[in-house]
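The residues making up each chain are set out below.
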Amino acid sequence: MPKHYRTLINGKWVETGKELEVKNKFSGEIFAYVPQADEALTDEAIDAAEAAFRSFRRMPAHKRSEILEKTAQGILDRADEITEIICLEAGKAWKFSMNEVLRSAETFKFASEETKHIHGETIQIDASKFGENRVGYFLREPVGVIGAITPFNFPLNLVAHKVAPAIAAGNTVVLKPASSTPLSSIILAEIMEKAGLPAGVLNVVIGSGATVGDTIVISPKTKKITFTGSPGVGDQIMRKAGIKKVTLELGNNSATIIEPDADLEKTAARCVVSAFSNSGQVCISLQRIYVNSKCVDRFTELFVEKTKALKIGDPMDKACDVGPMIDSKELNRIDSWVKEAEAQGAVIAAGGRAEGMVYLPTVLTNVTEEMKVMCMETFAPVVSIVAYDDFDDALARVNDSDFGLQAGIYTTDINKAMKAVDELDVGGVMINDTSTFRVDHLPYGGNKLSGLGREGVKFAMEDMMTIKMVMINRN
Ligand code: NAD
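Residues numbered from 1 in each chain as written. Predicted model: local features only at pLDDT ≥ 70, side-chain atom pairs only at ≥ 80, totals over all residues. Heavy atoms only, no water.

**Observations concerning the UniProt feature "domain: Aldehyde dehydrogenase" (unreviewed entry) in the protein chain**
Rules: UniProt positions are given in the numbering used here, feature names are shortened, and annotations may be inferred rather than shown by experiment. Every helix listed is a DSSP run of H or I at least four residues long, and every strand listed is a run of E at least two residues long, numbered separately from the N terminus.
Per the UniProt record, "domain: Aldehyde dehydrogenase" (unreviewed entry) is found at residues 13-470. As a span, residues 13-470 carries 40% helix and 22% strand, and end to end its C-alpha atoms are 42 Å apart.

Structure representation (structure tokens):
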């Protein structure tokens, strides 16, 4: 029997009279219902967050830190249950869902620690002749109500990346998770309430982007919007938000360069995980592999062999590597892109079709940069292998993209590695790893259409606070 959930608004667990279905993404069965919010309830949640901010901003840092620490522990205490929920609602394979749970706990742990290290600076005011005999310093204050809007692909950890730093910095939150994956956020709210978070500090509103999302973005009461999702929606948010802080974590068509001195066996194994975990529905998922022509044949052979060995199917199977796509619209979109690439001359070396809701891990060769599978974000288990002769040309091709989130390079030549660091127009360069590497305290974010600002607990916190300057006149 599907379970009916309530959601947390202003410290109360509420129903709304209208429910949204939550489907098992592998079988299509409805396994839960959640309350659907409208504009009025979203405004209510924003008002509650605004009212709660008046007292929460004065909660001592050690108490906020303790709540975050208890939240981390609360997530670990319910790890198996939450893993199952992520498997079902996001279709993510069990082992990767469990990784997400462990990482989310770590994100809260990092936030708990960072809470104790918020600091300002003294300012040498008499460095100006107009500032003699004055003392100055600045401190950091929370901005107020944070509107957090999140995607489906990491339903817990990307929520953690917004909620944990917001609370650490002393803000309150109105959270809108993706409608297809709302349960992880509801469970998190339960855990945070139990950890001692006061009423109104975290409010979860579930509903469409056009209603709930828009209301959060345009409200003059939300002082910062932190968004993770597609570049198109990010662009709309930027245009509508008005004068407030905005952080955007958007898409990418991530690339990795492989030089001939790389350990090909090890590199191919890592690239397969990077390309296909969570069915490629990861913003830094490996999509374009540029391999030196001296080793491209051997690399492709190893890569295809390892791709074909992946276990596909039900994400609840602990041995599963690749589960379903999030919905049939996405499944059909990627299938049409692969078919189009094939018609334009690409060769399908593995996969290239769906099996139920799973899109088979797909390897393309003989591609050109103009194909959608290369120049747009696939956000699916589809990877292209491209040969290059000249290292500078490989760097230029990685940069020949509207996006710039992360890139990888495998080489033992320090000069080439440093040249890649210097020239790649991305937010992060991973040396001897793929574009996909991330742990949750690193500065993380993109250039170009991949976004604006940086997350990673400490860096997200910086942009969830504002500076207040203090001057004392001793004249
Ligand atoms: P999406 O943009 O469709 O949705 C993201 C969120 O925005 C959802 O909660 C959605 O309901 C909401 N939304 C939709 N329209 C809105 C509007 N007009 N106003 C306000 N909110 C609105 O993205 P998705 O399909 O859930 O996720 C996939 C995308 O997210 C990919 O492009 C992926 O690269 C990106 N992503 C980026 C990162 C990163 O850190 N850079 C991480 C994960 C995913």
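**Notes on the pattern of salt bridges**
Basically, it comes down to this: Just to be clear on terms, a salt bridge is a Lys or Arg side-chain nitrogen sitting within 4 Å of an Asp or Glu carboxyl oxygen. Each residue is placed in one exposure class: buried if its accessible area under a 1.4 Å probe, protein chains only, is under 20% of its type's maximum, exposed if it is over 50%, and partly exposed if it falls in between.
Tallying each qualifying case throughout the model produces 28 salt bridges. Salt-bridge contacts for lysine 339 lead to aspartate 335; the nearest nitrogen and oxygen are separated by 2.8 Å. Pair noted here: lysine 339 and aspartate 335 are both in helix H11 (residues 328-343), with a separation of four residues, about one helical turn. Taking relative accessible area as the criterion, aspartate 335 reaches 21% and is therefore assigned partly exposed. Through salt bridges with shared partners, one network takes in Arg57, Glu141 and Lys468.

**Description of the sheet that holds strand E5 (residues 30-35)**
So the rule is basically this: Two strands are said to pair when DSSP picks up at least two bridges between them.
The mixed open sheet is built from three strands, whose spatial order is E1-E5-E4. Looking at strand neighbours, the two that pair on one side only are strand E1 (3-4) and strand E4 (19-23), the edges of this open sheet.

**Some points on the site of the ligand**
Applicable threshold: To be near a molecule or strand, a residue needs just one of its heavy atoms within 4 Å of it. Two N or O atoms form a polar contact when they lie within 3.5 Å of each other; inside protein one atom must be a possible hydrogen donor and the other a possible acceptor, and for residues adjacent in sequence the pair counts only when both atoms belong to side chains. Three residue categories are used. Nonpolar comprises Ala, Val, Leu, Ile, Met, Phe, Trp, Tyr, Cys and Pro, charged comprises Asp, Glu, Lys and Arg, and polar comprises the others, including Gly. Note that the domain bounds were set by an automatic or database domain assignment.
Close contacts around the ligand come from 28 residues, with Thr150, Lys176, Ser230, Leu250 and Glu377 the closest. At 2.7 Å from an oxygen atom of the ligand is found a main-chain nitrogen or oxygen belonging to threonine 150. Taking glutamate 377, its side chain carries an N or O atom lying 2.5 Å from an oxygen atom of the ligand. Looking at the shell around the ligand, the elements that each hand over two or more residues are helix H7 (209-218), strand E11 (222-228) and helix H8 (231-240). It is H8 that provides the largest number of residues to the shell around the ligand, a total of four residues. Looking at the shell around the ligand, its residues break down into 15 nonpolar, nine polar and four charged. Two domains share the shell around the ligand, each providing at least three of its residues, namely domain 1 (3-250 + 450-471) and domain 2 (255-440).

**Section: the domain arrangement of the protein chain**
Applied cut-off: The contact criterion used is simple: two residues touch if any of their non-hydrogen atoms lie within 4.5 Å. Take the accessible area each of two parts loses on contact, using a 1.4 Å probe, and add the two losses: that sum is the buried area.
For the protein chain, the assigned domains are domain 1 (3-250 + 450-471) and domain 2 (255-440). Across the contact, 32 residues belong to domain 1 and 27 residues belong to domain 2. At the boundary of domain 1 with domain 2, total buried surface from both sides reaches about 2,500 Å², with 60% on carbon and sulfur atoms. Of all residues in domain 1, Phe26, Trp94 and Ser450 give up the largest surface area on contact with domain 2, accounting jointly for 25% of the area buried on that side. Here domain 1 is connected to domain 2 by two salt bridges. Among the salt bridges present, the one from aspartate 440 reaches arginine 103, with a minimum N-O distance of 2.8 Å. Viewed at the interface, domain 2 and domain 1 are joined by eleven residue pairs in polar contact (both at pLDDT 80 or more).

**Considerations on the sheet that holds strand E25 (residues 465-473)**
We apply this condition: Angles here are taken between N-to-C directions and fall from 0 to 180 degrees, while the axes themselves are lines fitted to C-alpha atoms, restricted in helices to the stretch in contact.
Pairing is antiparallel across the open sheet formed by three strands, whose spatial order is E6-E7-E25. The sheet is open, and its two borders are formed by strand E6 (121-123) and E25, each paired with just one other strand. Direction aside, the axes of adjacent strands within the sheet are offset by 30° on average.

**Looking at the environment of glutamate 265**
Inspection of the secondary structure puts glutamate 265 in helix H9 (residues 264-276). Separated by 33 residues in the primary sequence, glutamate 265 and arginine 298 have C-alpha atoms spaced 9.2 Å apart. If sequence neighbours within four positions are ignored, glutamate 265 has contacts with Arg298, Leu302 and Lys306. Within the structure, glutamate 265 has its side chain in polar contact with the side chain of lysine 306 (distance 2.6 Å).

**Remarks on the packing of aromatic side chains**
Quick reminder of the rule: In this analysis, rings of Phe, Tyr and Trp, with Trp reduced to its six-membered ring, are considered paired at centre separations within 6.5 Å, and the interplanar angle assigns stacked below 30 degrees, edge-to-face beyond 60, and tilted for intermediate values. As a reminder, the over-ring test applies to NZ of lysine and CZ of arginine, requiring each to be within 6 Å of the ring centre and within 35 degrees of the ring normal.
Throughout the structure, instances matching the rule amount to three aromatic pairs. Between phenylalanine 299 and phenylalanine 303 the ring centres are 5.7 Å apart and the planes differ by 25°, which places this aromatic pair in the stacked class. Of the two residues, phenylalanine 299 and phenylalanine 303 both sit in helix H10 (residues 296-308), four residues apart, roughly one turn of that helix. Given the relative accessible area of 0%, phenylalanine 303 is considered buried. Just above the ring of phenylalanine 391 sits the side chain of lysine 416; from NZ or CZ to the centre is 5.5 Å.

**Re unusual backbone geometry**
With phi around 55°, asparagine 278 is a residue other than glycine that occupies positive phi space. The topology assignment puts asparagine 278 in the loop between H9 and strand E14 (288-292). What makes asparagine 278 buried here is its relative accessible area of 7%. Of note in this structure, asparagine 432 is not a glycine but carries a positive phi near 60°. Mapped onto the secondary structure, asparagine 432 falls in the loop between strand E22 (428-431) and strand E23 (447-448).

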